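Analysis of the macromolecular model
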Amino acid sequence: MNRAQRLAQDAADAAEVRAYQTDPDVVALRIERVRRQVDWMCWTGIVLGLAFTMTNVQGFASAGTRTGSLPWLAAWVLDPTVSLVLLAILRAEQVTARYQVRTGPWVRRAKWFTLAATYVMNSWTSFAAGDPASIVLHSVPPLVVFAAVEAITDLRDKLTDAVLVAAERRPVHEEPVNAGRRVLFGDYLAIARESWTPDVEITPAWVRRATGCSRGLSPRLARALRAEVANG
C-alpha cells in the first residue's frame, strides 16, 4: 500500500472506531456506568451524614432521662424514623428521575420537612449553648445531606437528558441495516469502489447516489476513492 492508500485505510478505521464510540447505545452504557458511580457516592455520603446525626438527635431527644431507661432507649428510634422516610423518598425519586417523571408538591415538602427536622434536632443543643464551633460541627453534615439530596435528583435528570441527546444525534450514515449491523465508512467505501467504472467522475453527488450515504460523509468518501483510483 502506498501512502495515500494507508491514509485512506486509517481514515476508514478511524471513522469506524468513532462510529462505535458515538453510537447512542455505547454512549448510554457509559452514562449508565457514570450514573451508578454518582448514585453510589451520593448515597454513601447521605447515609454517613445521617448516621452522624443519629447520636446527636438521640442526645437531644433523651435529655434529662436516665441512661438505659425506656425513654432513653426510645430516643434512638427518633432519628431512624425521620431518616427512613427521607431515604424512601430519595429511592422513589431515583426511579422517577430516571424516566423524567415529575413528582407532586407533597413529595418535595416531605423531603424538606424531614431534612429540616433532622437539622433542627441535630443542632438545637449547640445553638442553645451558643457554641459557634459546635454549631458548625453539627450543621455541616445535615447541610451536606440537604445539598446532596437536591443535587442527586437533578444529576439523574441531566444524565437521562444526555442519553436522549445522544440518541437524537445518531448520524444518518449509521442507520441500522442487516439485522442490526450499521453501515460504516469502510462499508460505504466498498460499495462505492464496486459501483465505480472508469468512465465515471468521482464526485460527492455520485457517491451519494451510488451508496446512499449522507451529504456530510460523501466528500470524504469521494476523496478516499479518488486516492485509491489514482494510486490504483
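One can find the structure itself at the top, above this paragraph.
Presented here is a report on the structure given in the accompanying data block. (Residues numbered from 1 in each chain as written. Predicted model: local features only at pLDDT ≥ 70, side-chain atom pairs only at ≥ 80, totals over all residues. Heavy atoms only, no water.)

Considering a positive patch on the surface
A contiguous patch of positive charge on the surface is contributed by R18, R220, R223 and R226. A per-element tally of the positive patch places helix 8 (residues 218-230) first, with three residues. Considering the arrangement of structural elements, one finds R226 in helix 8. Taking the relative accessible area as the measure of exposure, R226 reaches 36% and is therefore partly exposed. (Patch = residues over 30% accessible without salt bridge, like charges linked within 9 Å, V, L, I, M, F, W, Y side chains within 5 Å. Areas by Shrake-Rupley, 256 points an atom, 1.4 Å probe, with all protein chains shown as cover. Salt bridge = Lys/Arg side-chain N within 4 Å of Asp/Glu carboxyl O. Lys, Arg positive; Asp, Glu negative; His and termini not counted. Charge placed at Lys NZ, Arg CZ, Asp CG, Glu CD. Helix = DSSP H or I, 4+ residues; strand = E, 2+ residues; numbered from the N terminus. Buried < 20%, exposed > 50% of the residue type's maximum accessible area, 1.4 Å probe, protein only.)

So, the nonpolar core
Within the largest apolar cluster, 16 residues are counted, with the highest numbers of intra-cluster contacts made by F185, L189, V207, C213, L217, L221 and L225. Mapped by element, the contributors of at least two residues to this core are helix 1 (3-21), helix 6 (185-195), helix 7 (204-211) and helix 8. When residues no more than four places from it in sequence are discounted, the contact partners of L225 are L189, A192, R193, W196, I202 and W206. Grouped together as the second largest cluster of nonpolar side chains are 12 residues, I46, L50, L86 and L90 included. (Core = buried A, V, L, I, M, F, W, Y, C linked by side-chain atoms within 4.5 Å. Contact = heavy atoms within 4.5 Å.)

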